[in-house]
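Chain and residue survey
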Amino acid sequence: MGSTPSFPRVSIPKDNISVVTGGNTGVGYHTAKWLAMMGGTVIIACRSEERAKQAIEQMNKEFEEEKEKKTTGIVDYDQLNVEFMSLDCNSLKSVISFVEAYKSSGRKLHKLFCNAGIGQQDKLSYTEDGHEQIFQVNYLSQFLLVSHLLPLMKASGPDCRIILVSSIGHLFAHFDPVDVELKKYSEPECKSDKLYQNSKLCQIMQMYRLNEVLKDTNVTVFSLHPGTVRTELLTTFKRGMMKYVISMLETVGASKSPFEGAWTSLNAGINPELAGVRDVYFSDSKPTTPASAARNKSYQAALWDYSIECLKGYLPDDILSGLQ
Ligand SMILES: NC(=O)c1ccc[n+]([C@@H]2O[C@H](COP(=O)([O-])OP(=O)(O)OC[C@H]3O[C@@H](n4cnc5c(N)ncnc54)[C@H](OP(=O)(O)O)[C@@H]3O)[C@@H](O)[C@H]2O)c1
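Just so it is clear, the model here is predicted, and its values are computed rather than measured.

The rules behind the values
Residues numbered from 1 in each chain as written. Predicted model: local features only at pLDDT ≥ 70, side-chain atom pairs only at ≥ 80, totals over all residues. Heavy atoms only, no water. Helix = DSSP H or I, 4+ residues; strand = E, 2+ residues; numbered from the N terminus. Rg over C-alpha atoms; globule rule 2.2 N^0.38 Å. Buried < 20%, exposed > 50% of the residue type's maximum accessible area, 1.4 Å probe, protein only. Contact = heavy atoms within 4.5 Å. Areas by Shrake-Rupley, 256 points an atom, 1.4 Å probe, with all protein chains shown as cover. Lys, Arg positive; Asp, Glu negative; His and termini not counted. Charge placed at Lys NZ, Arg CZ, Asp CG, Glu CD. Near = heavy atom within 4 Å. Polar contact = N/O pair within 3.5 Å; in protein donor to acceptor, adjacent residues only side chain to side chain. Nonpolar A, V, L, I, M, F, W, Y, C, P; charged D, E, K, R; others polar. Salt bridge = Lys/Arg side-chain N within 4 Å of Asp/Glu carboxyl O. Expected span 1.5 Å × (residues − 1). Bend = angle between axes of the 7 residues up to and from the residue. Disulfide = S-S within 2.5 Å. Pairing = 2+ DSSP bridges.

To continue, consider the overall build of the chain. The helix and strand tally for the chain stands at eleven helices and eight strands. Over its C-alpha atoms the chain spans a radius of gyration of 19 Å, differing by no more than 12% from the 20 Å that the globule rule assigns to 324 residues. If one aligns the C-alpha atoms of the chain with their principal axes, the spans along those axes are about 55 × 50 × 35 Å. When burial is assessed residue by residue, the chain has 57% of its 324 residues classed as buried. For the chain, contacts bridging at least 24 residues in sequence account for 79% of all contacts bridging at least 6. When the accessible surface of the chain is summed, it comes to about 13,700 Å², and 53% of that surface belongs to carbon and sulfur atoms. Between the averaged position of the 35 positive side-chain charges in the chain and that of its 37 negative side-chain charges there is a distance of 3 Å.

Structure follows, in structure tokens:
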């Protein structure tokens, strides 16, 4: 796919803070590493402390190599400012613990990359909160995270951004406003790609609705497809249409390295030309029109109401009022 960077190399102040969920590997790893190499402070919100610490060590090793190569656009710090904080999107309680820990750190928050995700699963699973696992990990838990961090982002100064890492797979989703989690599906059907595709559709609908709620604020929301990226998640697609499409793309050499896969997230997060811009879904860094279901306002409203209903025990009035 070539190696010319397709994101602007900007200088990010050290006190400009990003949270990257799932920043320990794949697209999130390279997003976090480059944000830090351009000068920012980055929190990788991950479920395994060990994997996160190994990732931070690896980022610093690669940073040293980039400095030796005299790569342009990177800082000359001794160490990258990357830290781990615990977050498991399988659990709403874990999201709340993350939020409490983050708030008590006294930090601002400028960029929130909702990147953590899981792909196709071998069996239908429900979380401790009673939600279908892919729906909760890819969408619902990160909706809760966004909701609780919004007040902080609103108070963090100009040009704060939320980046929802979705997928082109949303094009094949079937949204059902009365069965948002597809609970009617039987075990064999749920082994298909549908649950993943629907979770990714939900993220794009969330972008539109959040932008509406945030229209007079300093916080903007983008969603995106990073491309077909050779990561752990890609290997989970063992059945169905996604597997077929992925193998075709790989056969013709149209898949990307994880670094290339981070370009679209980085562009959405830091490109100065996107300050104040709303409602853009990027595919490979290009503004693209998502599926009509994603743009359907009554679907967006149904999803929003359902999400708030699912999370009602976790959304106190002050947080809820920020979502209206
Ligand atoms: N790869 C592609 O071709 C592709 C295409 C379209 C969209 N995407 C999207 O890109 C995003 C990043 O995926 P990737 O390809 O980089 O996959 P990846 O390499 O498998 O990374 C996924 C990340 O999500 C984290 N994660 C999984 N479950 C979690 C949980 N319960 N709580 C917190 N973090 C969790 C993983 O942490 P662990 O290391 O602990 O598992 C990992 O850091 C996903 O949202 C995915 O849907 C990817």
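To continue, consider the site of the ligand. Neighbouring residues of the ligand: 30 residues in total, closest Asn24, Arg51, Tyr196, Val229 and Thr231. One nitrogen or oxygen atom from the main chain of Gly117 is found 3.1 Å from an oxygen atom belonging to the ligand. In this structure, Val229 approaches the ligand through a main-chain N or O atom, which is 2.7 Å from an oxygen atom. Surface burial for the ligand is 95%, taken as the share of its 890 Å² of free accessible area covered by protein chains. Counting residues per element, the ones that place at least two in the shell around the ligand are helix H1 (26-37) and helix H6 (194-213). Split by residue class, the shell around the ligand holds twelve nonpolar, 13 polar and five charged.

Two side chains carrying opposite charge are able to pair once their charged atoms lie near each other. By the definition in use, this model includes twelve salt bridges. The salt bridge involving Glu232 is made with Arg51; its shortest N-O contact spans 2.9 Å. Pair noted here: Glu232 is in the loop between strand E6 (219-225) and helix H7 (240-251) and Arg51 is in helix H2 (residues 49-68), with a separation of 181 residues, a long-range link. Its relative accessible area of 38% is what places Arg51 among the partly exposed residues. Taken together, the salt bridges that share partners define one network made up of Asp176, Asp179 and Lys184.

Looking now at helix H8 (residues 258-270). Here H8 spans 18 Å end to end across 13 residues, near enough to the 18 Å set by a 1.5 Å rise per residue. A maximum bend of about 30 degrees is found in H8 at Thr264. Burial of H8 is extensive: eleven of the 13 residues sit out of reach of the surface. For H8, every residue scored as buried is listed here: Glu260, Gly261, Ala262, Trp263, Thr264, Ser265, Leu266, Asn267, Ala268, Gly269 and Ile270. Along its buried surface, H8 packs onto H1, strand E4 (111-114), strand E5 (160-165), E6 and strand E7 (280-283).

This next bit is on the state of the cysteines. Summed over the entire model, instances satisfying the criterion amount to zero disulfides. As a non-bridged cysteine, Cys202 has Cys310 as the owner of its nearest cysteine sulfur, 10 Å distant. We classify Cys202 as buried; its relative accessible area is 1%. The exposure class assigned to Cys310 is buried, which follows from its relative accessible area of 16%.

Within the fold, Gln197 resides in helix H6. Among the residues examined, Gln197 registers a relative accessible area of 2% and is labelled buried. Setting aside anything within four residues of it in sequence, one finds Gln197 in contact with Gly169, His170, Phe172, Ala173 and Met242.

Attention now moves to the pairing of strand E2 (residues 41-46). Of all the six residues making up E2, six are buried; the element is thus mostly covered by neighbouring parts of the structure. Judged by which residues are buried, E2 turns out to be covered on both faces: Thr41, Ile43 and Ala45 on one side and Val42, Ile44 and Cys46 on the other are all buried. Judged from the five bridges that link them, strand E1 (residues 17-21) and E2 form a sheet pairing that is parallel. Across the sheet, residue Val19 finds its bridge partner in E2, namely Ile43.

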